[in-house]
Amino acid sequence: MRHTISILVENRFGVLSRVSGLFSGRGFNIESLSVGETQEPSISRMTIVVQGDDLIVEQIKKQLNKLIDVIKVIDLTGEEFVERELILVKVNAEPGVRAEVLRIADIFRAKVVDVTPKSYTLECTGDESKVNAFLELLKPYGIQEVARTGKVAIARGRKVGAKAEKEPMKKLTGKVVGFRE
Amino acid sequence: MRLSGAQIIVESLLREGVEVIFGFPGGVILPIYDVLYDSPLKHILVRHEQAAAHAADGYARATGKVGVCLVTSGPGATNVVTGVATAYMDSIPVVIITGQVPTPMIGNDSFQEADIVGITRPCTKHSYLVKEVKDLASTLREAFHIASTGRPGPVLVDVPKDVILSDATFHYPEKVYIRSYNPTYNGHPGQILKAARAVVKAKRPIIYVGGGVIHAGASEELLRLANLVHAPVTTTLMGLGAFPQDSPLSLGMLGMHGAWYTNTAVSSTDLILAVGARFDDRVTGKVEEFAPGASIVHIDIDPAAISKNVRVDIPVVGDAKKVLSQLIEALEALPERPNLKERRQWLKQIQEWKRMHPLTYEQSGRVIKPQFVVEEISRLTKGDAIITTEVGQSQMWTAQFYQFLRPRSFLSSGGLGTMGYGFPAAVGAQVAFPGRLVIDIAGDGSFQMNLQELATVVQYGLPVKVAILNNRYLGMIRQWQELFFGRRYSHSELVGTPDFVRLAEAYGAVGLRATTPEEVRPVLKKAFSIPKPVIIDFRVDPEECVFPMVPAGASIKDMLLGKPAKEPRRLLRSVK
């Protein structure tokens, strides 16, 4: 099963390496990874999508918590969350089909960010299924290049993030690692 | 006060209460060595950086304090990687300070440059590259804090040469607060109550103890608990010494080379109370068949160790000493008591099993049996010595035949299984306790991996004794080749081994030899009485094997008790 894990980490050099090293060192496969600063500049948020059964993901979360630079581990899977990714697609747009390509972009509310006589570069954001559908519809025209970000995700409703790191670690451990209580 | 980076390092170590460090000089750390020249901080010069790491590790295991080692950049740093990984696998608190090329030159393939932070990332608890001298003191403070708290582990601090040479105002932080690091020490009262009830209800409980009990200093609480609930205690290799082996409740070591009666008891138990142990594959054998039908209570300070290999019914996260105290309180407060009749029956059954298949070997009047040497050492020292081991048959026989009575008396590389660990670790232990008897029980293969440290023990007058169980083979390898590869001894015979007596004398140490069983005791007594480093060459039976043995991948119920060819009746002794 696919798990989307959101990790708050110290914004220090080497942290990304440690987290990805943890995954590769133990044979866990990262499907996608994205990282960026939060509203608190000393804290970054990493969003990782990983494939695995519940037992393996449980281990992953525990091992992540062990890392000194990891502040909080949130498994968004099974909770209500918003997930987005962004894609830049350079697609063939020969004269005659240019209007259709633009219409597809319009339907998906994608933006045109580059124009040449033979191609358009389109920017589209959305959840995974929307972005996949967008790509599928463009395929018949001939896709030259694709650059796709990893997923970013955030829980719905109550704000998780800036307030969280002030919570004592004990409570977080209880919530995250799922002891049978 | 403005101090140079070098002075800050030395001063910080002194503030942390460090009395001695183990190291080897090099280009980028020369300024630090200049400060050490007339500093109260003691420094032991080793002869290979790997030995510096093992010595710091041995020092930490023997004392419970944080061990410190100092090496230079490039090859100096890469030489300690084995030592760092050894400490990581066994959760030993050490701080490794490595020099690094100046910051503008990092990443340029400079002379003696190595990305040691990158190389050791998977085998350190944490690591730092100090880029500015103003961060040096607080980084060291944090490093010591991380190394010694929670589940201990090695922390590496990489210091570039320009940082070592620059000045800063020295301020050693009193408190250290890492918002993302907060180990849990006190157990959850609800879980402890559940655990207490489970322990009382159990008919055939076993307490399974690992290195965590020794790290926490919880031996007293463990003894009280075992006596309170009348439960037998088995320890892992790392837990040897946590529970006195002369107690009738002691089951000794379990697992791949554990005693038959111990593995049998573990396979028949209905409750395992695991404390500070991690259900490693050497202990569980085939995990699916480990302790069938037993409920598992697991007390550990590292939540990631719980339910990692084996499904745990009642987890308790916390420090072993604190949680065992809490557990004892909870047990004493419970109205229910364990059924003493059932407990006595269980203990009687275990006594019967001990009688049926004790740890044994074929005695001989002609040739020295390696197990006999270990037994003699145990009898002569009465559990008072600090024993270090190398890895392989010598390590397993020591674990089986030496009677350990107190914690921090057995220093052995369990997790990584590093040959060459024992001798430098003995150096660390002897430096920590100059008045105690420190003995490295080694194989001839392992000893040759770090024998250059003979110079170190002679230089500092460290009266370490090395008992080499010399069988002219890489013993454990030969055993596997004999049992599983049709006696095809592929590259396991050691030819060209030096005469250890003459080697010892060449270094200025004392060399002794024993070739018959009658010589063993007098030679040992002589060695123990000489206040100098002594190497003892015991010419032992080359074809001895460590038994019992659980073949790799097999269940711990299926133990080989002897060589199949020699004794066809005593094949796999399975538990019904």
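No experiment lies behind these values; they were computed from the predicted model shown. (Residues numbered from 1 in each chain as written. Chains lettered and ligands numbered in written order. Predicted model: local features only at pLDDT ≥ 70, side-chain atom pairs only at ≥ 80, totals over all residues. Heavy atoms only, no water.)

Chemist: Before we move on, could you go through the overall build of chain A and cite the residues and values that matter?
Modeler: For chain A, the helix and strand inventory stands at five helices and nine strands. Going through the 181 residues of chain A one by one, you find that 44% of them count as buried. Across chain A, every contact between residues at least 6 apart in sequence was considered, and the portion connecting residues at least 24 apart equals 74%. Accessible area for chain A stands at about 9400 Å²; split by element, carbon and sulfur atoms hold 54% of it. (Helix = DSSP H or I, 4+ residues; strand = E, 2+ residues; numbered from the N terminus. Buried < 20%, exposed > 50% of the residue type's maximum accessible area, 1.4 Å probe, protein only. Contact = heavy atoms within 4.5 Å. Areas by Shrake-Rupley, 256 points an atom, 1.4 Å probe, with all protein chains shown as cover.)

Chemist: How would you summarise the sheet that holds strand 2 (residues 20-23) of chain B if you had to cite specific residues and measurements?
Modeler: Residue and element names in this part refer to chain B. Within the open sheet, the six strands sit side by side as 3-2-4-5-7-6. Their pairing is parallel. Two strands in the sheet have a free side with no partner beyond their single neighbour: strand 3 (42-45) and strand 6 (126-129). The mean angle between the axes of side-by-side strands here comes to 20°, regardless of whether they run parallel or antiparallel. Note that strand 2 and strand 3 share four bridges and pair parallel. Within strand 3, the residue paired with Phe22 across the bridge is Ile44. Contacting strand 4 (67-71), strand 5 (94-100), strand 6 and strand 7 (155-160), helix 7 (residues 136-148) runs over the sheet at an angle of about 165° to strand 7. (Pairing = 2+ DSSP bridges. Axes fitted to C-alpha atoms, helices over the stretch in contact; angles between N-to-C directions.)

Chemist: Report on the interface of chain A and chain B, specifying residues and quantitative values.
Modeler: On the chain B side, the residues contacting the 24 residues of chain A number 28 residues. Buried area between chain A and chain B, both sides added, is near 2400 Å², and the carbon and sulfur share of it is 51%. Where chain A packs against chain B, one counts two salt bridges. Between A:Lys66 and B:Asp302 there is a salt bridge; the shortest N-O distance is 2.7 Å. Among the elements of the structure, helix 1 (15-25), helix 2 (54-66), strand 4 (70-75) and helix 5 (169-176) of chain A are those that each provide at least two residues to the side of chain A that touches chain B. Broken down by class, the residue content of the side of chain A that touches chain B amounts to eight nonpolar, six polar and 10 charged. (Buried area = accessible area lost by both parts, 1.4 Å probe. Salt bridge = Lys/Arg side-chain N within 4 Å of Asp/Glu carboxyl O. Nonpolar A, V, L, I, M, F, W, Y, C, P; charged D, E, K, R; others polar.)

Chemist: Describe in detail the pairing of strand 2 of chain B, supporting the description with residues and values.
Modeler: Across a regular strand the side chains alternate sides, sitting on one face of the sheet and then on the other. Residues and elements named next belong to chain B. Burial along strand 2 is two-sided: the face carrying Val20 and Phe22 and the face carrying Ile21 and Gly23 are both buried. Read as a crossover between parallel neighbours, the route from strand 2 over helix 2 (residues 30-36) to strand 3 is right-handed. With two bridges connecting them, strand 2 and strand 4 associate as parallel partners. Counterpart to Gly23 in the pairing with strand 4 is Leu70. (Right-handed = clockwise from strand over helix to strand, strands pointing away.)

Chemist: Would you mind going over the confidence of the model for chain B in detail, with residue names and values included?
Modeler: Overall, the predicted model of chain B reaches an average pLDDT of 95, with 98% of residues at or above 70. Below pLDDT 50 for its whole length, residues 567-576 of chain B participates in 21 contacts with residues either more than four positions away or in separate chains. (pLDDT = per-residue confidence, 0-100.)

Chemist: Describe the sheet that holds strand 20 (residues 534-539) of chain B, listing the residues and the values that go with them.
Modeler: All names here are of chain B. With parallel pairing, six strands are arranged side by side in an open sheet as 16-15-17-18-20-19. Looking at which strands have only one partner, the edges of the open sheet turn out to be strand 16 (410-411) and strand 19 (510-514). Bridge count between strand 17 (residues 438-443) and strand 18 (residues 465-470): five bridges; the pairing is parallel. Of the residues in strand 18, the one forming a bridge with Ala442 is Ile468.

Chemist: Tell me about helix 4 (residues 128-138) of chain A, and please be specific about residues and values.
Modeler: Turning to helix 4 of chain A, its buried residues are A:Glu128, A:Val131, A:Phe134, A:Leu135 and A:Leu138. Buried residues in helix 4 of chain A, looked at end-on, bunch into an arc of 130°, giving them a common side. (Arc of directions from axis to C-beta.)

Chemist: Please give an account of unusual backbone geometry that cites residues and values.
Modeler: Residues and elements named next belong to chain B. The omega torsion across Phe547 and Pro548 is 0°, close enough to zero to call that bond cis. Secondary-structure assignment places Pro548 in the loop between strand 20 and strand 21 (559-560). With a phi angle near 55°, Phe279 is a residue other than glycine that sits in the positive phi range. Here Phe279 is to be found in the loop between strand 12 (271-275) and helix 13 (281-284). Positive phi values are uncommon outside glycine, yet Arg487 reaches one of about 60°.

Chemist: Explain the pattern of salt bridges to me, and be specific about the residues and the numbers.
Modeler: Per the counting criterion, the structure on display carries 41 salt bridges over all chains. The partner of A:Glu145 in a salt bridge is A:Lys90, and the shortest N-O contact between them spans 3.2 Å. Placement of A:Glu145 in strand 8 (residues 143-148) and of A:Lys90 in strand 5 (residues 81-92) is noted, with a sequence separation of 55 residues between them. Classification of A:Glu145 as partly exposed rests on a relative accessible area of 49%. Residue B:Lys286 pairs with B:Glu289 through a salt bridge whose shortest N-O separation is 3.1 Å.

Chemist: How would you summarise the packing of aromatic side chains if you had to cite specific residues and measurements?
Modeler: Here the structure, examined in full by the defined rule, presents 14 aromatic pairs over all chains. Between the aromatic rings of B:Tyr208 and B:Phe279, the centroid separation amounts to 4.9 Å while the plane-to-plane angle is 55°, which identifies the pairing as tilted. Of this pair, B:Tyr208 sits in strand 9 (residues 205-209) while B:Phe279 is found in the loop between strand 12 and helix 13, placing the two residues 71 residues apart along the sequence. As far as burial versus exposure is concerned, B:Tyr208 and B:Phe279 are alike and both buried. On the basis of an interplanar angle of 75° and a centroid distance of 5.8 Å, the ring pair of B:Phe447 and B:Phe500 is categorised as edge-to-face. Here B:Phe447, found in helix 19 (residues 444-447), pairs with B:Phe500, found in helix 22 (residues 500-507); they are 53 residues apart in sequence, far enough to count as distant. Here B:Phe447 and B:Phe500 have matching classes, each one buried. Of the aromatic side chains, those joined through ring pairs into one cluster are B:Tyr208, B:Phe279 and B:Phe290. Of note, A:Arg98 hangs over the ring of A:Tyr120, and the distance from its end group to the ring centre comes to 4.5 Å. Its end group placed over the ring of B:Phe433, B:Arg436 keeps NZ or CZ at 5.5 Å from the ring centre. (Phe/Tyr/Trp six-rings, centres within 6.5 Å; stacked < 30°, edge-to-face > 60°. Lys NZ or Arg CZ within 6 Å of the ring centre and 35° of its normal.)

Chemist: How would you sum up the side chain of B:Arg141? Please name residues and give values.
Modeler: All names here are of chain B. Of note, Arg141 is situated in helix 7. There is a polar contact of 3.4 Å between the side chain of Arg141 and the side chain of Glu16. Within the structure, the side chain of Arg141 is placed 2.8 Å from the backbone oxygen of Glu174, a separation counted as a polar contact. Those residues in contact with Arg141 that lie beyond four places of it in its chain are Glu16, Tyr172, Pro173, Glu174, Lys175 and Val176. (Polar contact = N/O pair within 3.5 Å; in protein donor to acceptor, adjacent residues only side chain to side chain.)

Chemist: An account of helix 15 (residues 340-356) of chain B is needed here, citing residue identities and associated values.
Modeler: Residues and elements named next belong to chain B. With 17 residues, helix 15 extends 24 Å from end C-alpha to end C-alpha; this agrees with the ideal 24 Å at 1.5 Å per step. Among all positions of helix 15, only Arg343, Trp346, Ile350, Trp353 and Lys354 are buried. Each buried residue of helix 15 lies within a common arc of 105° when the element is viewed along its axis, so the set occupies one face. Turned more than 90 degrees away from the buried face of helix 15, the exposed residues are Lys341, Arg344, Gln345, Lys348 and Arg355. In the core, the buried residues of helix 15 are packed alongside helix 9 (189-201), strand 9, helix 11 (219-229), strand 11 (250-253) and helix 12 (260-268). Near the N-terminus of helix 15, the side chain that reaches the backbone nitrogen of Lys341, with its oxygen 3.0 Å away, is that of Asn339. (Expected span 1.5 Å × (residues − 1).)

Chemist: Please give an account of the packing of helix 3 (residues 49-63) of chain B against helix 18 (residues 422-432) of chain B that cites residues and values.
Modeler: Residues and elements named next belong to chain B. Interhelical geometry of helix 3 versus helix 18 gives an angle of 50° and a closest axis separation of 7 Å. By the criterion of interaxial angle, the relationship of helix 3 to helix 18 is oblique. Helix 18 is crossed by helix 3, and the crossing has right-handed handedness. Here helix 3 contributes Ala51, His54, Ala55, Gly58, Tyr59, Ala62 and Thr63 to the contact with helix 18, which in turn contributes Pro424, Ala425, Gly428, Ala429 and Ala432. (Parallel < 35°, antiparallel > 145°, perpendicular 65-115°, else oblique. Left-handed = near helix turned anticlockwise from the far one by under 90°.)

Chemist: Tell me about the packing of helix 16 (residues 370-381) of chain B against helix 17 (residues 393-401) of chain B, and name the residues and values.
Modeler: All names here are of chain B. At a closest axis distance of 9 Å, the pairing of helix 16 and helix 17 adopts a crossing angle of 45°. What the angle tells us is that helix 16 and helix 17 run oblique. In this structure, helix 16 crosses over helix 17, and the sense of that crossing is right-handed. Within the contact between the two elements, helix 16 uses Pro370, Gln371, Val374, Glu375 and Ser378 and helix 17 uses Trp397, Thr398 and Phe401. Per-class residue counts for the contact of helix 16 with helix 17 are four nonpolar, three polar and one charged.

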